[in-house]
Amino acid sequence: MWAIDSTISDEGGRRADSHKHEVFMAVNMMAGLASGTFSMRRSTMATCKLEDAAKQTVDYFVKDGMLLGLGTGSASSAAISYVGQKLSTGALRDVVGVPMSSLSASKASQAGLPLRAFENNMKLDFAFNDADLVQEGTLFAIIGRKNVEGRESILKEKTIAKAANQFVFIVDEPVFTQELTGVVPVLIQQEDWLETAEEIDDLFLGDAEVWRRPSAGEAGPMGGDCPLVTKEGHFILDLLFTSTITNPSEIAESLEAINGVVGHGLILDSVYASAVAGRDGVKIRTSLFKRAFTSMQ
Ligand SMILES: O=C(CO)[C@H](O)[C@H](O)COP(=O)(O)O
């Protein structure tokens, strides 16, 4: 049993000095501390690929018999394929995936990874996902900016991330930033959507522009002639912040209080760690805040 980062934060999310709290752990250092089942391959390339981060995340976190949340995007797809590969060679057994999106379901089917649909109150052992941005230190993240078929699943992704005992983002260095900036996607009901959009616009006047996301063609405040409709039947508003997002929790809270808002792409409370692929290899960055999980087998 090895305690990951158990000293980097206090109950209640109290911040301590950044040196102590922001432990930057090369995964190959972790290998030395962990049990013999994990062996780390340091990338010989100048820039470690996202795929390496995906594989190393699987090697480190995924064990026999686990129920796994399967995320959406390139890194998650690489992790799903690798789990399938390990199952086919017998390096892993009895692992079942719970897809966060149609994209991850189809990747899992291709990889031969058995699937189960998410059910209310389901508990998962581990989950991974891609992200559009992850903030260093807090691991606050934004998902759902991409507008591609099979990825419009913010609600499901967040629900499954929350249901997992441990949840890790697998990202490239440029995605792992000091500040959160740019677009926060907001899911809204179609009914009276304009009123909802106007309320959001008023709330963030001067801080953000509100555009309805189109399914194709030109974007614009009204979403053009072809607004995107998600599988669950929602529109997406892209809330484009014109300066750094310094108060994501307040933004999340304000959005959640608006009639017609059904969700948003801010993830502020489920993240255990982020596997970051960069020039010096894959590093596991943990949250400043106390998480409910302090140990790994
Ligand atoms: O929003 C996301 C996950 O919910 C991802 O950031 C997105 O899907 C990443 O896609 P890709 O890796 O293909 O750029």
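Here's a quick rundown of the structure. (Residues numbered from 1 in each chain as written. Predicted model: local features only at pLDDT ≥ 70, side-chain atom pairs only at ≥ 80, totals over all residues. Heavy atoms only, no water.)

1. Digging into the overall build of the chain
Put simply, the rule reads: To qualify as a helix, a DSSP run of H or I must reach at least 4 residues; to qualify as a strand, a run of E must reach at least 2; elements of each kind are numbered from the N terminus. We call a residue buried when its accessible area falls under 20% of the maximum for its residue type, exposed when it is over 50%, and partly exposed in between, using a 1.4 Å probe and counting protein chains only. Here a residue-residue contact requires only that any non-hydrogen atoms of the pair lie within 4.5 Å. Methods summary: accessible areas were calculated by the Shrake-Rupley approach with a probe of 1.4 Å, and residue burial reflects only the protein chains presented.
Looking only at helices and strands, the chain has eight helices and 17 strands in total. Per-residue burial for the chain yields a buried fraction of 52% across its 297 residues. Of the contacts made within the chain by residues no fewer than 6 positions apart, 75% connect residues no fewer than 24 positions apart. Here the chain has roughly 13700 Å² of accessible surface; of this, 48% comes from carbon and sulfur atoms.

2. Digging into the packing of helix α3 (residues 50–61) against helix α4 (residues 74–89)
Test applied: Fitted lines through C-alpha atoms serve as axes, helices being fitted only where they are in contact, and the angles separating the N-to-C directions of these axes extend from 0 to 180 degrees. Orientation labels follow simple angle bins: below 35 degrees gives roughly parallel, above 145 gives roughly antiparallel, 65 to 115 gives roughly perpendicular, and whatever is left gives oblique. By convention, the crossing between two helices is left-handed when the near helix turns anticlockwise from the far helix through less than a right angle, and right-handed when the turn is clockwise. Each residue receives one of three labels: charged for Asp, Glu, Lys and Arg, nonpolar for Ala, Val, Leu, Ile, Met, Phe, Trp, Tyr, Cys and Pro, and polar for the others, Gly being one of them.
Where α3 meets α4, the axes come as close as 8 Å, and the angle between the chain directions of the two elements is 50°. Here α3 lies oblique to α4, going by the angle between them. When the axes of α3 and α4 are compared, the crossing they make is right-handed. Facing Leu-50, Glu-51, Ala-54, Lys-55, Val-58 and Asp-59 of α3, the residues of α4 in contact are Ser-74, Ala-75, Ala-78, Ala-79, Tyr-82, Val-83 and Lys-86. The residue makeup of the contact of α3 with α4, split by class, is eight nonpolar, one polar and four charged.

3. A short note on helix α8 (residues 248–256)
Rule in force here: Of all possible arcs, the one meant is that of the directions from the helix axis to the C-beta atoms.
Those residues of α8 not exposed but buried are Pro-248, Ile-251, Ala-252 and Leu-255. Buried positions in α8, seen along its axis, are confined to an arc of 100° and lie on one side of it. Within α8, the exposed residues directed more than 90 degrees away from the buried face are Glu-250 and Glu-253. For α8, the secondary structure elements touched by its buried residues are β10 (180–189), α7 (193–203), β12 (234–245), β13 (261–264) and β14 (266–267).

4. Quick look at the sheet that holds β13
Our working definition: Paired strands are those between which DSSP finds at least two bridges.
Read from one edge to the other, the open sheet built from four strands follows the order β11-β12-β10-β13, with strand pairing classed as antiparallel. Edge strands, defined here as strands with exactly one partner in the open sheet, are β11 (208–212) and β13. The average undirected angle you get between the axes of adjacent strands in this sheet is 25°. The strands touched by helix α6 (residues 154–163) within the sheet are β10, β12 and β13, with β13 carrying the most contacts at an inclination of about 65°.

5. Structural notes on the nonpolar core
For clarity, the threshold we go by: For our purposes a nonpolar core is just a set of buried Ala, Val, Leu, Ile, Met, Phe, Trp, Tyr and Cys residues, chained together by side-chain atoms within 4.5 Å.
Formed by 30 residues in total, the largest nonpolar core has its most connected members in Leu-68, Val-83, Val-95, Leu-113, Phe-126 and Phe-128. Secondary-structure elements contributing two or more residues to this core are α3, β3 (67–70), α4, β5 (124–129), β8 (164–172), β15 (273–278) and β16 (281–286). Here this core takes seven residues from α4, the largest share from any one element. If we ignore the near neighbours within four places in the chain, the residues touching Leu-68 are Val-62, Val-83, Val-95, Val-96, Gly-97, Val-98, Leu-124, Phe-126 and Phe-128. Of all hydrophobic cores here, the second largest spans 27 residues; its members include Met-122, Ala-127, Ala-164 and Phe-169.

6. Details of the sheet that holds strand β6 (residues 133–135)
The mixed open sheet is built from four strands, whose spatial order is β9-β6-β7-β14. With partners counted over all chains shown, the strands left at the sheet margins are β9 (176–177) and β14, one partner each. When β6 meets strand β7 (residues 141–142), the two strands line up antiparallel, connected through two bridges. Counted as the bridge partner of Leu-133 is Ile-142 from β7.

Taken by themselves, the reported measurements are silent on function.
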